[in-house]
Structure formats: structure tokens, C-alpha cells
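Residues per chain, in single letters:
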Amino acid sequence: MNADVLIKNGKIVTHSEEFDGAVAIRGEKIVAVTTDPSGIEAKKVIDAKGNVVMPGNIDPHVHIGLFMDFETDMKSETGAAAAGGTTTVMHCLLEKESIPKIF
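Values in this document were obtained by computation on a predicted structure and should not be read as measured data.

A. How the structure looks around the overall build of the protein chain. Helix and strand counts for the protein chain stand at 2 helices and 7 strands. Secondary structure elements of the protein chain occur, N-terminal to C-terminal, as β-β-β-β-β-β-α-β-α. The C-alpha radius of gyration computed for the protein chain amounts to 17 Å, which surpasses the reference 13 Å derived for 103 residues by more than 25%, pointing to a less compact arrangement than a globule. A principal-axis box enclosing the C-alpha atoms of the protein chain has dimensions of 50 × 25 × 20 Å.

Next comes the structure, spelled out in C-alpha cells:
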């Protein structure tokens, strides 16, 4: 397999597991998440040893539940994020309490 970028030797964190492995990217798409990158040829190789690799985009500033109820907004906004390639959202509270205390 050919890739533009290979990020290897990192701790891969997905929605369901963590493992030592690699992520291959071609163009703007992730083409492989694997424990064995030996068959992947890449133009650029990044050694992520000692780092966590989270495949996908991260949106570090979202306000879920600001204009509608939290549960409805959570389903809508996380679905929209995933459709656009964002796999992690980080909720920013407008309140001073933690999420469990508010909801």
C-alpha cells in the first residue's frame, strides 16, 4: 500500500481500543489503522514513539446543549461532526459546574 504520510510507533486510541500501531494517510483520508505497518510505503514517515495518536479531527471547543436540550443536541452535533471527519469533540461549559452536576 502507498501513503503520503505514515505515523508509526504510537499508541493508537480509537473509540473502542488502544494499541501500539500506525496510521496511514493518503491525500486527506486515513487509509489504514494497523498494528503492522510493514507493507506500507510512505512519502513521509513520522515516528510517534511515546505519543498518543487519535485518528480523525478534534474539535476542542463545542457548546452542546446551548440552544436545545442536551440529549438531542449531543446526538445531532456528534453525528454531524463524525460525518465531517471529526472523531472527537471537547465540550466547553458556559456554566461553572461539571456536566454530571448540570445534567
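B. Here's a closer look at unusual backbone geometry. Look at asparagine 9: it is not a glycine, yet its phi comes out positive at around 65 degrees. With respect to the helices and strands, the residue asparagine 9 is situated in strand β1 (residues 2–13).

C. How the structure looks around the pattern of salt bridges. All chains considered together, the criterion is met by 3 salt bridges. The salt bridge involving lysine 11 is made with aspartate 20; its shortest N-O contact spans 3.4 Å. On the basis of relative accessible area, lysine 11 is assigned to the partly exposed category, the value being 32%. Given the relative accessible area of 53%, aspartate 20 is considered exposed. Across the pair glutamate 71 and lysine 75 runs a salt bridge whose closest N-O atoms are separated by 3.5 Å. Here lysine 75 and glutamate 71 lie together in helix α1 (residues 70–83), a separation of 4 residues that amounts to about one turn. A residue is classified by how much of its surface remains accessible, and lysine 75, at 58% relative accessible area, is exposed.

D. A look at a nonpolar patch on the surface. Taken together, Val52, Met54, Ile58 and Met90 make up a surface patch of nonpolar side chains, about 360 Å² in accessible area. By the element assignment, isoleucine 58 lies in strand β6 (residues 57–62).

E. Summary view of α1. Taking 1.5 Å per residue, 14 residues should reach 20 Å; α1 reaches 20 Å between its end C-alpha atoms and fits that length. Along α1, the residues classified as buried are Phe70, Asp73 and Ala81. All buried residues of α1 fall inside an arc of 65 degrees around its axis, so they share one side. The outward face of α1, more than 90 degrees from its buried face, is lined by the exposed residues Glu71, Lys75, Ala82 and Ala83. Contacts from the buried residues of α1 go to β7 (86–91).

F. Local environment of the nonpolar core. Val5, Ile7, Ile12, Phe19, Val23, Ala48 and Val53 together form the largest nonpolar core, which totals 7 residues. Considering every element that reaches this core, the biggest residue donor is β1, with 3 residues. For isoleucine 12, the residues in contact, after removing those within four places along its chain, are Glu17, Glu18, Phe19, Gly21, Ala22, Val23, Val33, Val53 and Pro55.

Rules used throughout
Residues numbered from 1 in each chain as written. Predicted model: local features only at pLDDT ≥ 70, side-chain atom pairs only at ≥ 80, totals over all residues. Heavy atoms only, no water. Helix = DSSP H or I, 4+ residues; strand = E, 2+ residues; numbered from the N terminus. Rg over C-alpha atoms; globule rule 2.2 N^0.38 Å. Salt bridge = Lys/Arg side-chain N within 4 Å of Asp/Glu carboxyl O. Buried < 20%, exposed > 50% of the residue type's maximum accessible area, 1.4 Å probe, protein only. Patch = residues over 30% accessible without salt bridge, like charges linked within 9 Å, V, L, I, M, F, W, Y side chains within 5 Å. Areas by Shrake-Rupley, 256 points an atom, 1.4 Å probe, with all protein chains shown as cover. Expected span 1.5 Å × (residues − 1). Arc of directions from axis to C-beta. Contact = heavy atoms within 4.5 Å. Core = buried A, V, L, I, M, F, W, Y, C linked by side-chain atoms within 4.5 Å.

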